[in-house]
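As a plain string of letters, each chain reads:
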Amino acid sequence: MSTTPQPARLVWLDARRGLTIVLMVAGHVARGLWATGRIDWPDYRLYDAALYVFHGPLFFVLCGITLCCAGGRGRLLDDWPRRLGRLAHPYLVWTLITATATLAMGGAVNNPLGWSAFLTIVLGMPVWPYSIFWFLYVLILCQIAMAILRERLGHSAGSILVLSVAGLGAGYAIRALVGPIEAFQVTTVLTMFFFFSWGHWLGARPDILTRRVLLVSCILSLLCWGAILGRGWTIDTPFGGFAGLCITTCLIALVRRGAGSVPGAVMAAAAYVGIMSMEIYVIHHLLAGVARITLSRLGVEALWIHGAVGLIAGVVGPILVAALFRRAGVAALLGLPPPRRPAPVAQPAVGAVR
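Computed from a predicted model, the values in this text were never measured in an experiment. (Residues numbered from 1 in each chain as written. Predicted model: local features only at pLDDT ≥ 70, side-chain atom pairs only at ≥ 80, totals over all residues. Heavy atoms only, no water.)

### What to know about the overall build of the protein chain
- Along the protein chain, the regular secondary structure elements total 13 helices and zero strands.
- The linear arrangement of helices and strands in the protein chain, starting from the amino end, is α-α-α-α-α-α-α-α-α-α-α-α-α.
- Evaluated residue by residue, the protein chain yields a buried proportion of 48% over its 354 residues.
- In the protein chain, 81% of the contacts between residues at least 6 apart in sequence involve partners at least 24 apart.
- Total accessible area on the protein chain is roughly 16800 Å²; 69% of this is exposed by carbon and sulfur atoms. (Helix = DSSP H or I, 4+ residues; strand = E, 2+ residues; numbered from the N terminus. Buried < 20%, exposed > 50% of the residue type's maximum accessible area, 1.4 Å probe, protein only. Contact = heavy atoms within 4.5 Å. Areas by Shrake-Rupley, 256 points an atom, 1.4 Å probe, with all protein chains shown as cover.)

What follows is the structure, encoded as structure tokens:
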């Protein structure tokens, strides 16, 4: 069985991550504009749901694929201190930075903080993640769960996936009975661990993303989007999990199979954005918010300008700011190590991890 490195696989994975982070920034920019009343479309909430039904889950699927490809059959528990530091460090630092900046800006932001709320956020970081940083918090818990399950079940991706489906059902049952449990993000972890496990399972079976899978997942995705936009179906239900599964599979298969037909420069640019996704994630919220406040103070009313400037500030801005941090020698302190393109790894063969 060949274990020849396949760089194209890493390129498509980085590119898919790059496209996903851009969609995430666009969604956050739109939510900021909606909160200030600049977006007043009657159906905005439906379009918001159509985006959020998949872009969060898609990140967890991609993280699961990456973990499977990078981890091989090694013991994740042995590597846990490094993995924990790589996620916990930016989570703690940028939660503190963002909360401090929000406190300092006062009424200029959409959700201002007082001293009491600020102290609650800082002291509650181990239990209640603040704002967008729920993603890093939940990803930490998903990686811990995956490490333990792989240790107990002997790298059985299928068995882990089955357990994650049970957890997904439990999460929706809890939501229906008592609502979401915010402490330790219990219900969110149960939901996102399913997508993380789905990515882990896909990573062990790279050849499963066939044209038939692409076609079926695309048809189901269109039907799901139609149900959200046309019928107003809510995504905080089992339907949301099914829709997320269909759409994430469709988008991954689309990029995976179509990577060879995309111009190299486009793929390289998308892949670079994907490599910088951590920097973009932790910094974009601040820069996009500052851009919106600045444009408002300047009297700019055009919605398209707010959207375009916010998107550029949220994607390009963090890359430039991170470069300045590296130049100043403080990037590592802030949890932003120098970006490195991973060395190509062998694509796991079908059935290598069962």
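### Focus: the pattern of salt bridges
- A full pass over the atoms with the stated rule returns four salt bridges.
- A salt bridge links glutamate 301 to arginine 38, with the nearest nitrogen and oxygen atoms 3.0 Å apart. With glutamate 301 in the loop between helix H12 (277-297) and helix H13 (303-328) and arginine 38 in the loop between helix H1 (7-35) and helix H2 (44-52), this residue pair connects regions lying 263 residues apart in the sequence. (Salt bridge = Lys/Arg side-chain N within 4 Å of Asp/Glu carboxyl O.)

### With respect to a nonpolar patch on the surface
- A cluster of nonpolar side chains, namely Trp115, Leu119 and Leu123, defines an oily patch on the protein surface of about 400 Å² accessible area.
- Examined against the element boundaries, leucine 123 turns out to sit in helix H5 (residues 115-123).
- The exposed category is assigned to leucine 123, whose relative accessible area is 71%. (Patch = residues over 30% accessible without salt bridge, like charges linked within 9 Å, V, L, I, M, F, W, Y side chains within 5 Å.)

### Remarks on the packing of aromatic side chains
- Taken as a whole, this structure holds 14 aromatic pairs when the rule is applied.
- With 5.9 Å between their ring centres and 80° between their planes, phenylalanine 54 and tryptophan 225 make a pair best called edge-to-face. Within this pair, whereas phenylalanine 54 is found in the loop between H2 and helix H3 (55-71), its partner tryptophan 225 is found in helix H9 (residues 211-231), the two being separated by 171 residues in sequence.
- Classification of tryptophan 225 by relative accessible area gives partly exposed; the value is 23%.
- Members of the aromatic cluster, connected to one another through ring pairs, are Phe59, Phe60, Trp134, Phe135 and Tyr281.
- Taking NZ or CZ as reference, arginine 31 lies 3.6 Å from the ring centre of tyrosine 52, over its face. (Phe/Tyr/Trp six-rings, centres within 6.5 Å; stacked < 30°, edge-to-face > 60°. Lys NZ or Arg CZ within 6 Å of the ring centre and 35° of its normal.)

### Focus: the nonpolar core
- The biggest cluster of nonpolar side chains holds 87 residues, and the ones touching the most others in it are Phe60 and Phe196.
- Residue contacts for phenylalanine 60: discarding those within four places in its chain leaves Trp134, Phe135, Val138, Leu139, Cys142, Met192, Phe195 and Phe196.
- One finds Ala99, Leu113, Phe118 and Tyr130 within the second-largest nonpolar core, a separate group that totals six residues. (Core = buried A, V, L, I, M, F, W, Y, C linked by side-chain atoms within 4.5 Å.)

### Observations regarding the side chain of serine 221
- Here serine 221 shows up in helix H9.
- Residue serine 221 is classed as buried on the basis of its relative accessible area of 1%.
- There is a polar contact of 3.2 Å between the side chain of serine 221 and the backbone oxygen of cysteine 246.
- Excluding anything up to four places from it in sequence, serine 221 contacts Cys246, Ile247 and Cys250. (Polar contact = N/O pair within 3.5 Å; in protein donor to acceptor, adjacent residues only side chain to side chain.)

### Focus on the packing of helix H8 (residues 186-203) against helix H10 (residues 238-258)
- It is the contact of H8 with H10, at a shortest axis distance of 11 Å, that shows an interaxial angle of 30°. The orientation of H8 with respect to H10, classified from their angle, is roughly parallel. Between H8 and H10 the crossing geometry is right-handed. Across the interface between the two elements, Phe194, Phe195 and Trp198 of H8 pack against Gly241, Gly244, Leu245 and Thr249 of H10.
- Across the contact of H8 with H10, the residue classes tally to four nonpolar, three polar and no charged. (Axes fitted to C-alpha atoms, helices over the stretch in contact; angles between N-to-C directions. Parallel < 35°, antiparallel > 145°, perpendicular 65-115°, else oblique. Left-handed = near helix turned anticlockwise from the far one by under 90°. Nonpolar A, V, L, I, M, F, W, Y, C, P; charged D, E, K, R; others polar.)

### Some remarks on the state of the cysteines
- Summed over all chains, the structure comprises zero disulfides.
- Take cysteine 224: it sits in no disulfide, and the sulfur closest to it among the cysteines is that of cysteine 246, at 4.6 Å. (Disulfide = S-S within 2.5 Å.)

### Focus: the environment of threonine 248
- Inspection of the secondary structure puts threonine 248 in helix H10.
- For threonine 248, a relative accessible area of 0% gives the class buried.
- Along the primary structure threonine 248 and leucine 58 are separated by 190 residues, whereas in three dimensions their C-alpha atoms are 5.4 Å apart.
- The residues contacting threonine 248, other than those within four sequence positions of it, are Phe54, Pro57, Leu58 and Val61.

### Observations concerning unusual backbone geometry
- Backbone geometry places serine 131, a non-glycine residue, at a positive phi of 55°.
- Topologically, serine 131 is positioned in the loop between H5 and helix H6 (134-153).
- For serine 131, a relative accessible area of 32% translates into the label partly exposed.
- One non-glycine residue with positive phi stands out, namely phenylalanine 184, at about 60°.
- The class for phenylalanine 184 is partly exposed, based on a relative accessible area of 44%.

### Structural notes on the confidence of the model for the protein chain
- Overall, the predicted model of the protein chain reaches an average pLDDT of 88, with 90% of residues at or above 70.
- Low pLDDT, under 50, characterises residues 1-9; the predicted model gives this stretch 16 contacts beyond four residues in sequence or across chains.
- Below pLDDT 50 for its whole length, residues 342-354 participates in 42 contacts with residues either more than four positions away or in separate chains. (pLDDT = per-residue confidence, 0-100.)

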